[in-house]
Amino acid sequence: MSETPYAVEMKDIVIRFPGVLANDHVNLTLKQGEIHALLGENGAGKSTLMNALAGLYKPASGIMRVFGETVNFNSPKDAIARGIGMVHQHFMLVPTQTVTENILLGLNEPRFFMKLAEYDQKILALQDQFGLRVDPTAKVWQLSVGEQQRVEILKTLYRGAQILIMDEPTAVLAPQEIDELMKTMRSMVDQGKSIIFISHKLHEVTAVADRVTVLRKGKVTAEGHSMEGLTKRDLARLMVGRGVIFAVEKKPQEPGDVVLSVKDVEAENDKGVPALRKLSLEVRAGEILGIAAIAGNGQSELAEVVTGLRPCTGSVKINGKEVANKPPIVAIKQGMAHVPEDRTGVGSAPNMTITENTIMKCYRENPIGNGWSINFTNARQRARTLKEKYDILAPSVRTMARKLSGGNLQKVILAREISAQPQLMVAVQPTRGLDVGAIESIQTLLLEQREAGTAVLLISEEMEELLALSDRIAVISDGRIMGIVDADKADINEIGLMMTGTAVPAKSMEAAG
Amino acid sequence: MNLPFTIKFEKRVEDIPKWLPAATSIGSVLIAFIVSGIILKIIGGQPLLVLKFFYEATFGSWATFSDTIVKATPLILVGLACAVAFKMKLWNIGAEGQFYIGAFAASLVVLIPMVSPDSPKIVVIGLMMLMGMLGGAIWGFFPGYLKARFQVNEIITTLMLNYVAVLWNNFWIFDKWSDGGFQMTPTFEKNAWLARVTDYAREYSAFIDEGGGLAKFLTSIGLDRISGMTLHVGVAFGIVAAVFMWWIFDRSRWGYEIKLIGDNPKAARYAGLNITRNIVLVMMVSGALAGLAGMSEITGVVHRLQERISPGYGFTGIIVAWLAKLNPFAVIIVAILFGALIVAGRELQPSGLASMLQGIILFMVISSDVLLRYKVKLVRTQTAVEAA
Ligand SMILES: Nc1ncnc2c1ncn2[C@@H]1O[C@H](COP(=O)(O)OP(=O)(O)OP(=O)(O)O)[C@@H](O)[C@H]1O
Ligand SMILES: [Mg+2]
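The next subject is the side chain of Asp120 of chain A. Here Asp120 of chain A lies in helix α4 (residues 116–130). Apart from the residues within four sequence positions on either side, Asp120 of chain A is in contact with Thr100, Pro136 and Thr137 of chain A.

Further remarks concern the side chain of His303 of chain B. Turning to its location among the elements, His303 of chain B is positioned in the loop between α13 (275–302) and α14 (313–323). Excluding anything up to four places from it in sequence, His303 of chain B contacts Pro186, Thr187, Phe188, Trp193, Arg196 and Ile298 of chain B.

Averaged over every residue, the pLDDT of chain A is 88; residues scoring 70 or more account for 96%. Below pLDDT 50 for its whole length, residues 506–513 of chain A participates in 11 contacts with residues either more than four positions away or in separate chains.

As paired elements, strand β11 (residues 258–268) of chain A and strand β14 (residues 313–318) of chain A share five bridges and run antiparallel to each other. Bridge pairing in β14 of chain A places Glu266 of chain A opposite Thr313 of chain A.

It is worth spelling out the packing of helix α5 (residues 121–150) of chain B against α13 of chain B at this point. Axes are the key here: two packed helices are described by the angle between their axes and the distance separating the axes. Residues and elements named next belong to chain B. Viewed as axis vectors pointing N to C, α5 and α13 meet at an angle of 145°, and their least axial separation amounts to 6 Å. Along this stretch, α5 crosses α13, giving a crossing that reads as right-handed. Looking at the contact of α5 with α13 residue by residue, the class counts come to 17 nonpolar, eight polar and one charged.

Taken together, the contacts link 23 residues of chain B with 37 residues of chain A. Roughly 2,600 Å² of surface becomes buried between chain B and chain A when both sides are summed, with 56% attributable to carbon and sulfur atoms. Three residues, Arg253, Tyr256 and Tyr270 of chain B, lead the burial of chain B against chain A; their summed loss comes to 33% of the area buried on that side. Our count for the chain B to chain A interface comes out at one salt bridge.

Here we come to the environment of Leu279 of chain A. Residues and elements named next belong to chain A. With respect to the helices and strands, Leu279 occurs in strand β12 (residues 274–284). Note: C-alpha distance between Leu279 and His200 (79 residues apart in sequence) is 33 Å. With sequence-adjacent residues up to four places away left out, Leu279 is seen in contact with Val262, Lys263, Asp264, Val265, Leu302, Ile476, Gly479 and Ile481.

Another point: the nonpolar core. Judged by nonpolar contacts, the single largest core of 150 residues is most densely connected at Ile359 of chain A together with Met128, Leu260, Phe338 and Ile361 of chain B. Split by domain, the residues of this core number at least three in each of domain 2 (245–335 + 422–513) and domain 3 (350–420) of chain A. Sequence-distant contacts of Ile361 of chain B, that is, excluding residues within four places in its chain, are made with Val29, Ala32, Leu323, Leu337, Phe338 and Leu341 of chain B.

Here the focus is the pattern of salt bridges. Applying the stated rule across the entire model yields 22 salt bridges over all chains. Residue Glu356 of chain A is joined to Lys259 of chain B by a salt bridge in which the shortest nitrogen-to-oxygen separation is 2.8 Å. Of the two residues, Glu356 of chain A sits in helix α11 (residues 354–358) while Lys259 of chain B sits in helix α11 (residues 253–263), which places them in two different chains. Given the relative accessible area of 10%, Glu356 of chain A is considered buried. Overall, Lys259 of chain B belongs to the partly exposed group, its relative accessible area being 33%.

Residue and element names in this part refer to chain A. Looking at the element boundaries, Ala415 is found in helix α13 (residues 406–419). A sequence separation of 66 residues divides Ala415 from Ala349, and the C-alpha atoms of the two residues are 15 Å apart. Those residues within four positions of Ala415 in sequence are excluded, and the remaining contacts are Leu386, Tyr390 and Ile392.

With that settled, the discussion passes to the domain arrangement of chain A. Residue and element names in this part refer to chain A. Partitioning chain A into structural domains gives domain 1 (8–240), domain 2 (245–335 + 422–513) and domain 3 (350–420). Distance between the C-alpha centres of domain 1 and domain 2: 33 Å. On the domain 2 side, the residues contacting the 21 residues of domain 1 number 14 residues. Counting the surface lost from both domain 1 and domain 2, the interface buries some 1,400 Å², and carbon and sulfur atoms represent 56% of this. Area buried by domain 1 at its contact with domain 2 is led by Asn42, His200 and Lys232, which between them contribute 26% of it. Between the two partners, domain 1 and domain 2, sit one salt bridge. Between Lys201 and Glu462 there is a salt bridge; the shortest N-O distance is 3.2 Å. Our count for the domain 1 to domain 2 interface comes out at four residue pairs in polar contact (both at pLDDT 80 or more). Elements with a contribution of two residues or more to the side of domain 1 that touches domain 2: α6 (175–190) and α8 (232–240). Looking at the side of domain 1 that touches domain 2, the element that brings in the most residues is α8, giving five residues. In terms of residue class, the side of domain 1 that touches domain 2 is made up of 11 nonpolar, five polar and five charged.

Calculation rules
- Residues numbered from 1 in each chain as written.
- Chains lettered and ligands numbered in written order.
- Predicted model: local features only at pLDDT ≥ 70, side-chain atom pairs only at ≥ 80, totals over all residues.
- Heavy atoms only, no water.
- Helix = DSSP H or I, 4+ residues; strand = E, 2+ residues; numbered from the N terminus.
- Contact = heavy atoms within 4.5 Å.
- pLDDT = per-residue confidence, 0-100.
- Pairing = 2+ DSSP bridges.
- Axes fitted to C-alpha atoms, helices over the stretch in contact; angles between N-to-C directions.
- Left-handed = near helix turned anticlockwise from the far one by under 90°.
- Nonpolar A, V, L, I, M, F, W, Y, C, P; charged D, E, K, R; others polar.
- Buried area = accessible area lost by both parts, 1.4 Å probe.
- Salt bridge = Lys/Arg side-chain N within 4 Å of Asp/Glu carboxyl O.
- Core = buried A, V, L, I, M, F, W, Y, C linked by side-chain atoms within 4.5 Å.
- Buried < 20%, exposed > 50% of the residue type's maximum accessible area, 1.4 Å probe, protein only.
- Domains from an automatic or database assignment.
- Polar contact = N/O pair within 3.5 Å; in protein donor to acceptor, adjacent residues only side chain to side chain.

This is the structure we're talking about:
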């Protein structure tokens, strides 16, 4: 055999979980020096397949070859030894240690004395090679999400990875960071690395991928298809098996009374730096107010202040009742629902069942709460209804949250929060990690909420989503409102300028009313 | 030397089978017995004889079984106390101290006295139960409050408070209430005694001794020595408490809150739970159960407040809760096993045998947790393959 072997060849891979056939005779080939996109609906089995390649799961049957050699991994260590590195969606870094320390963690070198300065240099050299900038001496907790991801990538490169698996790396990144990541990925393949890239954002896939493999319900529906000539629509059809409308329909509607009123709010972020500076805004019943901002400009803190999770100065009123600096229950009692940014850390309890996760907000009241006890029969019934309605893919409502695929966990949270029929919905990245089909249905549900008279505060990094759903868009930069514009009259370039902190032209201020 | 196989530990990715936790618990106990037997053999003992003796001394007859249950009673309550705290990932290792303060507070009813000494039994015992639980609850409150308000590590505070509790008791029994210079208070009046089988036996002895049908029946099932049985109603406290805690854990709103906070405190806060209050509450309930154990011990067994009322029940409770995987009914069973170990420990020679067994069980339980997280596999080594 003279031709170069595939970097990875997976043949007839079968992986089962109790009640689920996650991978059903899946084939996947990765050529050397290519970016290969892996697409599929939520729960299609993408992460599972990649975890098998990274040595975390063992397939029940099937063959894996790496650079032409048949491999049989018993642990991630075996996979690393073969040059396979995986960047997980949830980072596995030690926050109190420096970047260098994190990269060296678990290696045999350095053996005894931590000659850190020397290693800092090595890591800087690696950074130069691939254009991955991050201060090696910084502590991980000081880093932004994007920087932490770079550390994860450096970690795999430092271990000599030739094949990189990236599971939804862009889900947590701001648009600018995504562009940088794409450049890094390009530079890595130019230097001979091969990459498998999972994403639900089809425009990213069309932008960087050379070939694509699509999974549906554990089976391959397109195997190593060349990306040439494929459009977003083609990809969507391959994924969900039907046409997807990319624009949801928003009916014109007059907003009602003010539901949320935020006045002169100031708050600090986790590092003690001011994140919100005298910020004021209002959201009315039946209105969606979108928040546009570059990651780390205070939008996360705004959501936490409104939902009672972060102390602040100033006033936050829901239906006229002050909720600032009150425990979250006060806002919840005022009809506030919250889709949090961090679905595993905040939005769910990993070792509790779907049922238990869906009653988190309503276990106090009938028909779930019943005096001192909980009616679990009703709770399960309700969970089954939600599972059906929100198309949550899981063997049963007794399945534990940690076993759900990323997108299905997000659906559990959305189901819980939307079904509460809130008066105010604070939705932070509600469609993050969802497949195109699910995005469509969740966006439709959010618009239905609006029609039902819910006030929605929508924080999203997807400009398209903001434009499609919002009535008005407030642009925030460095904790200040730069301007509020009507979504249907909005000019993307103008919003972009405001997001970077440039002053607002007067005409759109008028439009904000 | 090259072994033909190497042992590999593979991290479990799939779910552990439902029966495995129970199996490892039972397995650890069995292995502990076997290991102890081997040690005994090595030092020249006769393991099988000892095992037979162990059985006879603990479960061999109704009378010895009664002794075992008497020792298991405080362990049930203390085991439940630890289980409720552990459910919320609060590491209460202060059940020992809460036990002592519970005993102390219950004695106050008699020693102050809080009610007239000739009050009916039901009043005295009822009040002592309340005081015992209150005392334990207060002892749980302090570490709970410090943890909830100031994030003070509860392991340290509960551990320290154990010593404080013992010394506090000593102060009163050595000085204030000492019975003629001994380190104990005078014996309580009978109305502060929990009902015991032996007391009833005495009351109805005339009836039984007359050789009536009942006496014959009792003899036939081996209950003829009923008059010596020290079993007291404290065990009923334990069983009621276990049923109650099962309801709390599995059916109640509060149990759901405990589980949610234990699993993900951030999600609990997000869902509007009051974590501060729940930490304090759980520590108080935990303390109250341990306090009730203290009360049951002084009213059911020693009938006065004295030194060393606990041979480390509070600490054994930790093992009991762990071995029972925090299941209230399993706590009862495990407590009986450990009760048996205590009883046997008094009679077996060498006398350290029972504690050794207890130590080995603990060691096995902790190491068996590895089995829950890893799969153990034998992997054929390269050389073995070639040789074949
Ligand atoms: N540890 C596990 N135990 C049981 N079932 C699991 C486990 N991990 C995944 N599954 C199930 O396997 C299926 C595939 O999950 P997987 O995480 O691979 O999906 P995915 O394609 O990555 O989806 P998403 O886009 O939502 O992340 C799902 O039905 C999921 O519930
Ligand atoms: Mg996934």
